[in-house]
Structure formats: C-alpha cells, structure tokens
Amino acid sequence: MNENIKQDIETLVKLQETESQIVRLKAVLDKVEKQKQKIGLKIKTYADAFEDNQQQLQYITKASKDIEMEIQLVDDQIVKSNEKLRMVKTNKEYQLLLREVDDNKKRKDSLETELIEYMEQKEQLEKVVEESEKEYLLLKEKIEAEQNEIDQQTTEDKKALEAYLNDQKQIGKDLDPGLMTRFSRISKMNKGLAVIDVKNEVCMGCFMNIPPQLFIEVQRGNSLISCPQCSRILYYDNQ
Ligand SMILES: [Zn+2]
C-alpha cells in the first residue's frame, strides 16, 4: 500500500466525518430558520391590516376636514347674500338672492348630513385601528418570544457547526488542494457524502456492485479510486 495514499485516505475519512456532521447540522438549522420565517409571516397579515385601517382613517379624517371647509364657505356665502338682501332695490333682485340663500342652505344641510356620516365612520375606524394595533402588537410580542426561544434552542447546534467547520479547515490543511476540491465537488453531488467504504464489492454509498478488478485496486490502496456509479472516493476498511 502506498503510504501517501494511505495517509490521504485517513485524512479524507476524517474530513468526511466532519462533513457529515456539518451537513446534518446545516439541515437542522435550515429547518429551524424556515420555521422562524413561517412564524414571522403571520405577523405580516396583522401588520398589513393595521396599516390598511390607518390609511382608511387618514382618508376619512381628510375628507371630513374638506367638508367642514366647504360648509364654512357656504356659510360665508349665506352671510353675504343676507347682507345684500337688506340693500336690494328691485323685487327681481330680491327673489334672486332669496333663491341663492335657499340653495346654499340646502347645500349646507346636505353637507352637514355627509359630515355626520363621515364622523360616525371616523369614530368606528378609530376603534378598529386601536383594536388592530393591539392585536398586531400582541402577536408581534408573542412571535418574537417564540423566535427567541427557537434561537436559544439552536445555540448548541450553531456552536457545534462552528467547531466542525474549524476542524474541517484544520484537517483540510493536510490535503493537496486539488484533492480538497475533488472532495468538495463530490460531496456537493452526493448530499455531503464523498468518501465511503466498500464491502464485498459493494459501494456503501450507492449500494451498487463495483467491478472485481476495481475492488482489488481499492484494497491495494495504491491510488484513489472513485465509484463508477456515484463518483464517491472509495476505501477499504478491513476491520
Ligand atoms: Zn457508489
């Protein structure tokens, strides 16, 4: 057996041990992150509702102010017309002004009715805004607490992942960069499993038979052999 190859295989096996842990921990943390995001989506619905209600309230508030201003204008016109009425000379002018005052009073009445409706809507909306804000803040608090709890539960996993990544870096220093690249590439292709043993001419990664001659070569350990099916780097463990 070639000593260099033997050493490479030992290093690759160690590298694989850390790689398997890294892949496992990343999957766990990824799942947790998705769970956190999913929980977070619930807030959005409530935040949107709260914002919509606020916008509607702003609209109604502006609309009622506009009506109040219009009522003021109509009022001014009525006052002016009444002043003119006292100074008119002809009956025709008098009738004309009377009608103007009458029209403006009708206009004012309808505006005031409209204003009352707006005020009622505004009052209702203020309650809705208050309610939806309460609901939103309550849920936000609850969800943030849930997310914090999830974060705390993953503290250990995050630390472990960090440690395995460091280990892998240290172990990788003993490998030829080309071989390291080969390892990473095969790992990516095979869900994190790049180095695997062969038992009874079967690759334990893909469970396919390898040709007998190749099995002999793996046992001899004079070169690094890849599985013809799954490309994983093969080694023979005679224990
Ligand atoms: Zn295979």
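Structure first, text after, so check above.
Predicted model, so just to flag it, every value in this text is computed and none were measured. (Residues numbered from 1 in each chain as written. Predicted model: local features only at pLDDT ≥ 70, side-chain atom pairs only at ≥ 80, totals over all residues. Heavy atoms only, no water.)

1. Remarks on the sheet that holds strand β1 (residues 195–199)
Then step 1. The four strands are arranged β2-β1-β4-β3 in an open sheet whose pairing can be described as mixed. Strand pairing shows two members of the sheet lacking a second neighbour, β2 (202–203) and β3 (225–226), which therefore form its edges.
Then step 2. With two bridges connecting them, β3 and strand β4 (residues 233–235) associate as antiparallel partners. Bridging from a neighbouring strand, serine 226 pairs with isoleucine 233 of β4. (Pairing = 2+ DSSP bridges. Helix = DSSP H or I, 4+ residues; strand = E, 2+ residues; numbered from the N terminus.)

2. As for the environment of lysine 26
Then step 1. Within the secondary structure layout, lysine 26 lies in helix α1 (residues 3–85).
Then step 2. Exposure remark for lysine 26: the relative accessible area of 47% places this residue in the partly exposed category. (Buried < 20%, exposed > 50% of the residue type's maximum accessible area, 1.4 Å probe, protein only.)

3. A look at the coordination of the zinc ion
Under ideal tetrahedral coordination, the four donors around a metal are separated by 109.5 degrees; under ideal octahedral coordination, the six donors are separated by 90 or 180 degrees.
Then step 1. Bound to the zinc ion are the protein donor atoms Cys203 (SG), Cys206 (SG), Cys227 (SG) and Cys230 (SG), situated 2.3 Å from the metal.
Then step 2. Classification of the site at the zinc ion as tetrahedral follows from its four donor atoms and the range of 104 to 114 degrees in their angles at the metal.
Then step 3. For the zinc ion, all donor residues lie on one chain, and their spacing in sequence is C-x2-C-x20-C-x2-C. In this pair, cysteine 203 sits in strand β2 while cysteine 227 sits in the loop between β3 and β4, placing the two residues 24 residues apart along the sequence.
Then step 4. Residue classification places cysteine 227 among the buried positions, given a relative accessible area of 3%. (Donors = N, O, S within 2.8 Å, 3.2 Å for Na, K, Ca; no water. Tetrahedral: all angles 85-135°; square planar, octahedral: opposite > 155°, others 65-115°.)

4. Notes on the pattern of salt bridges
Then step 1. Tallied over the entire structure, the rule returns 14 salt bridges.
Then step 2. Between glutamate 70 and arginine 107 there is a salt bridge whose closest N-O contact spans 2.2 Å. Within this pair, whereas glutamate 70 is found in helix α1, its partner arginine 107 is found in helix α2 (residues 91–153), the two being separated by 37 residues in sequence.
Then step 3. The partly exposed category is assigned to glutamate 70, whose relative accessible area is 30%. (Salt bridge = Lys/Arg side-chain N within 4 Å of Asp/Glu carboxyl O.)

5. Considerations on the packing of α1 against α2
Packed helices, taken two at a time, are described by the angle between their axes plus the distance between the axes.
Then step 1. The contact between α1 and α2 brings their axes to 6 Å, and the two run at 165 degrees. One element, α1, and the other, α2, form an angle in the roughly antiparallel class. The hand of the α1/α2 crossing is left-handed.
Then step 2. In terms of residue class, the contact of α1 with α2 is built from 30 nonpolar, 14 polar and 19 charged. (Axes fitted to C-alpha atoms, helices over the stretch in contact; angles between N-to-C directions. Parallel < 35°, antiparallel > 145°, perpendicular 65-115°, else oblique. Left-handed = near helix turned anticlockwise from the far one by under 90°. Nonpolar A, V, L, I, M, F, W, Y, C, P; charged D, E, K, R; others polar.)

6. Focus on the pairing of β1
Then step 1. In terms of residue burial, β1 counts as a mostly covered element, since four of its five residues are buried.
Then step 2. Across two bridges, the pairing between β1 and β2 is antiparallel. Across the sheet, the residue bridging to lysine 199 is valine 202, located in β2.

7. A closer look at the packing of aromatic side chains
Then step 1. For the coordinates displayed, the defined rule picks out two aromatic pairs.
Then step 2. Ring plane angle 20 degrees and centroid distance 5.9 Å describe the contact between phenylalanine 50 and tyrosine 136, whose orientation is recorded as stacked. Taken together, the residues phenylalanine 50 in helix α1 and tyrosine 136 in helix α2 connect sequence positions 86 residues apart. Accessibility classification places phenylalanine 50 together with tyrosine 136 in one group, the buried group.
Then step 3. When the centroid spacing of 5.7 Å and the interplanar angle of 85 degrees are considered together, the rings of phenylalanine 215 and tyrosine 236 count as edge-to-face. Here phenylalanine 215 is found in helix α5 (residues 212–220), whereas its partner tyrosine 236 is found in the segment after β4, with 21 residues between them in sequence.
Then step 4. Here phenylalanine 215 falls in the buried class, since its relative accessible area comes to 10%. (Phe/Tyr/Trp six-rings, centres within 6.5 Å; stacked < 30°, edge-to-face > 60°.)

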